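Coordinate analysis (summary)
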Amino acid sequence: MSSDIVRVPQSAQPTALAGKRILLGVSGSIAAYKAADICSQLAKLEADVHVVLTPRAARFVGVPTFAALTRNPVLVDLFDEPQSRRIVHVDLAQSAHLVLVAPASANLIARLAHGIADDMLTTCLIATPRGTPLLIAPAMNTIMWEHPATVANVQLLRTRGVRVVEPAEGLLACQEVGVGKLAEVETIVQAVVDQLTRTREFDGDEFVITAGATREPLDPVRFLTNRSSGRMGVAIAAEALRRGATVTLITGHMSVPPPTGVDWIQVETAEEMLGAALEHAQRFAVFIGAAAVADFAPERIATAKIKKPVDVKNDEAGPVLRLRRTQDILATVGAMKRPAQLIVGFAAETEDLIANARRKLQSKHADLIVANDVTQAGAGFDVETNIVTMVGSDFERSLPLLSKREVASRILDEIAEMRTGRLNTIREESSQ
């Protein structure tokens, strides 16, 4: 999808940000032109957007553009504050419901990390109260993004509660391909919407969610894997965050970035994913196994690249691979669950959908199985939609073709109801 064409996310209704005041900071980056699109989309959601440009950003995109989009004064120079009884940069920072910097250059990130306030934007950022959500969307060359100083600065900001909308991989302004491209406009807008429209039904609850595909190595260059993109697990993680949960996202290979705000653990193999899950097994409220985990792994990993066999009698001869079963993550975690914990699994099937889901519900000690027939159009791997049936011990709920974000919302609705019922039962039993 072209970065110039933005679809407002399905979960973001036209009035999603009505009454919300957003301070949008724009730093000096070639991606600054995309800030106008971000500004436009936020305004369409009825946010009251106030823009502050660094002097270098103003050389990429002019003040009149943002003034026309927001109908608010646009600030650049620290000494050009409008006449007011209040100091404008302090007023802007302290009255904002959320502060967003997009794009955030390496220079801006460094200055913010080290408390340097030498222009209007950085002064506003330093004046922002600690309780105000602060999001940054970095954009820069790959080498700059991976430089130890930038890595350290971003990590320091994370420890202070700053949320990072991860840069994407793609063609950069320098004509190189790598990580550092500003995240898609719709991704940035969705991060703002999620932050400002959170419900609190899972406030204080820890969710552990697995997503993506594990990779089981055959030799130093090959591996066994599957078609999972991680989209469903990422959508669930984003929805859980929106509802107030603390989320640990354990991922294999994914073709989509993790949502802003999760604790992200990257793994490769099923064994590594199990180890990461077990580290959190004692304290989670809800475990959701959305990852496509390999059921089998090579019995032996070759230490050198497996070469084509030379067989003069049979040119089609190939190696014979012996496989072993991997340890079942969902069943292992499910067998350890305590009464207050909920276990949710996924079943990607090609036949006997409900029967297989019910067998999995019992064998994995799960409370809910989300089953989908991957042979159906719109319900397979690496697509934006899904068609699922939620299977519990005493119910089946089939959903039509929906976006994965909407499917995630329906799953979280079900989990909320189940968790309330479970906790009520535990209270009643403890009071007897």
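Residues numbered from 1 in each chain as written. Predicted model: local features only at pLDDT ≥ 70, side-chain atom pairs only at ≥ 80, totals over all residues. Heavy atoms only, no water.

Things to note about the layout of surface pockets
Its boundaries defined by the atoms lining it, the second largest pocket holds a volume of some 900 Å³. Taken together, 40 residues make up the lining of the second largest pocket; nearest its centre are Ala-291, Ala-292, Val-293, Phe-346 and Lys-360. Secondary structure elements with two or more residues in the lining of the second largest pocket: β8 (206-211), α10 (231-242), β13 (286-289), α12 (329-335) and β16 (342-349). Ranked by residues supplied to the lining of the second largest pocket, first place goes to β16 with four residues. (1 Å grid on protein atoms, 1.4 Å probe; cavity = no way out; pocket = protein on both sides within 12 Å on 5 of 7 lines; lining within 4 Å. Points joined across faces, edges and corners; volume = space filled by probe spheres on them. Helix = DSSP H or I, 4+ residues; strand = E, 2+ residues; numbered from the N terminus.)

Remarks on the sheet that holds strand β19 (residues 389-392)
In space, the eight strands of this open sheet follow the order β12-β11-β8-β13-β16-β17-β19-β20, with mixed pairing throughout. The open sheet is flanked by β12 (263-266) and β20 (395-398), the only strands paired with a single partner. Direction aside, neighbouring strands of the sheet carry axes that sit 15° apart on average. Looking at chain direction, β8 and β13 are connected through four bridges and run parallel. (Pairing = 2+ DSSP bridges. Axes fitted to C-alpha atoms, helices over the stretch in contact; angles between N-to-C directions.)

So, the pattern of salt bridges
A complete count under the given rule lists 21 salt bridges for this structure. Each of Asp-194, Glu-201, Glu-239, Arg-242, Arg-243, Arg-405 and Asp-413 takes part in salt bridges that share partners, so that together they form one network. (Salt bridge = Lys/Arg side-chain N within 4 Å of Asp/Glu carboxyl O.)

A short note on the pairing of strand β1 (residues 21-26)
Of all six residues in β1, five are buried; the element is thus mostly enclosed. Here six bridges tie β1 to strand β2 (residues 48-53), and the two strands are oriented parallel to one another. If you follow Val-26 over to β2, its bridge partner there is Leu-53. Remark: the β1/helix α1 (residues 33-44)/β2 crossover connection has right-handed handedness. (Buried < 20%, exposed > 50% of the residue type's maximum accessible area, 1.4 Å probe, protein only. Right-handed = clockwise from strand over helix to strand, strands pointing away.)

Structural notes on the nonpolar core
Of all hydrophobic cores here, the largest spans 38 residues; its most connected members are Phe-207, Ile-236, Val-247, Ile-288 and Ile-415. Excluding residues that lie within four positions of it along the chain, Ile-288 makes contacts with Phe-207, Val-208, Ile-209, Thr-210, Ile-236, Val-344, Phe-346 and Ile-415. (Core = buried A, V, L, I, M, F, W, Y, C linked by side-chain atoms within 4.5 Å. Contact = heavy atoms within 4.5 Å.)

Quick notes on the sheet that holds strand β5 (residues 163-164)
With parallel pairing, the five strands of this open sheet are ordered in space as β2-β1-β3-β4-β5. In the strand order of this sheet, the two ends are held by β2 and β5, each with one partner. As defined by bridge partners, β1 adjoins strand β3 (residues 98-104) across four bridges and the pair is classed as parallel. Of the residues in β3, the one forming a bridge with Ile-22 is Leu-98. Most of the contacts of helix α3 (residues 63-70) go to β2, to which it runs at about 170°, and overall it touches β1 and β2.

Notes on the environment of Ala-416
Considering the arrangement of structural elements, one finds Ala-416 in helix α14 (residues 404-431). Along the sequence, Ala-416 and Gly-28 sit 388 residues apart, while their C-alpha atoms lie 44 Å from each other. Setting aside chain neighbours within four positions, we find Ala-416 in contact with Glu-201 and Phe-202.

Quick word on the packing of helix α5 (residues 106-113) against helix α8 (residues 148-159)
Packed helix pairs are characterised by how far apart their axes lie and by the angle those axes make with each other. The contact between α5 and α8 brings their axes to 9 Å, and the two run at 50°. By the angle class used here, α5 and α8 are oblique. The interaxial crossing formed by α5 with α8 has left-handed handedness. Taking contact as the criterion, the partners of Ala-106, Ile-109, Ala-110, Leu-112 and Ala-113 in α5 are, on α8, Thr-150, Asn-153, Val-154, Leu-156 and Leu-157. Taken together, the residues of the contact of α5 with α8 sort by class into eight nonpolar, two polar and no charged. (Parallel < 35°, antiparallel > 145°, perpendicular 65-115°, else oblique. Left-handed = near helix turned anticlockwise from the far one by under 90°. Nonpolar A, V, L, I, M, F, W, Y, C, P; charged D, E, K, R; others polar.)

Re the side chain of Ser-27
If you trace the backbone, Ser-27 turns up in the loop between β1 and α1. Polar contacts involving the side chain of Ser-27 include one to the main-chain amide nitrogen of Ser-105, which spans 2.9 Å. What Ser-27 contacts, discounting residues up to four positions off in sequence, is Ala-32, Thr-54, Ala-57, Pro-103, Ala-104, Ser-105, Leu-108 and Leu-121. (Polar contact = N/O pair within 3.5 Å; in protein donor to acceptor, adjacent residues only side chain to side chain.)

Section: unusual backbone geometry
Trans peptide bonds make up the majority, and among non-glycine residues the majority have a negative phi. In this model, Ala-102 is joined to Pro-103 through a cis peptide bond whose omega is 0°. You will see that Glu-46, though not glycine, has its phi angle at about 70°, which is positive. With respect to the helices, strands and loops of the structure, Glu-46 is situated in the loop between α1 and β2. Taking relative accessible area as the criterion, Glu-46 reaches 44% and is therefore assigned partly exposed. Despite not being glycine, His-365 has its phi angle at roughly 60°, a positive value. Mapped onto the elements, His-365 comes out in the loop between α13 (353-363) and β17 (368-373). Judged by relative accessible area, which is 40%, His-365 ranks as partly exposed.

A look at the packing of aromatic side chains
In total, this model carries two aromatic pairs according to the counting rule given. Look at Phe-284 and Phe-287: their rings are 5.8 Å apart centre to centre, the planes differ by 50°, and that puts the pair in the tilted class. For the pair Phe-284 and Phe-287, one class covers both residues: buried. Across the ring face of Phe-395, the terminal group of Arg-397 is positioned such that the distance to the ring centre comes to 4.2 Å. (Phe/Tyr/Trp six-rings, centres within 6.5 Å; stacked < 30°, edge-to-face > 60°. Lys NZ or Arg CZ within 6 Å of the ring centre and 35° of its normal.)

Quick notes on the pairing of β3
Along any regular strand, the residues point their side chains to alternate faces of the sheet. With seven of seven residues buried, β3 lies mostly within the body of the structure. Residues of β3 alternate between two faces, with Leu-98, Leu-100, Ala-102 and Ala-104 on one and Val-99, Val-101 and Pro-103 on the opposite face, all of them buried.

Let's talk about the packing of α1 against α3
Their axes nearest at 9 Å, the elements α1 and α3 cross at an angle of 10°. Considered as vectors, α1 and α3 are oriented roughly parallel to each other. Between α1 and α3, the contacting residues are Ala-35, Ala-36, Cys-39, Ser-40 and Ala-43 on the first element and Thr-65, Phe-66, Leu-69 and Thr-70 on the second. Tallied by class, residues from the contact of α1 with α3 come to six nonpolar, three polar and no charged.

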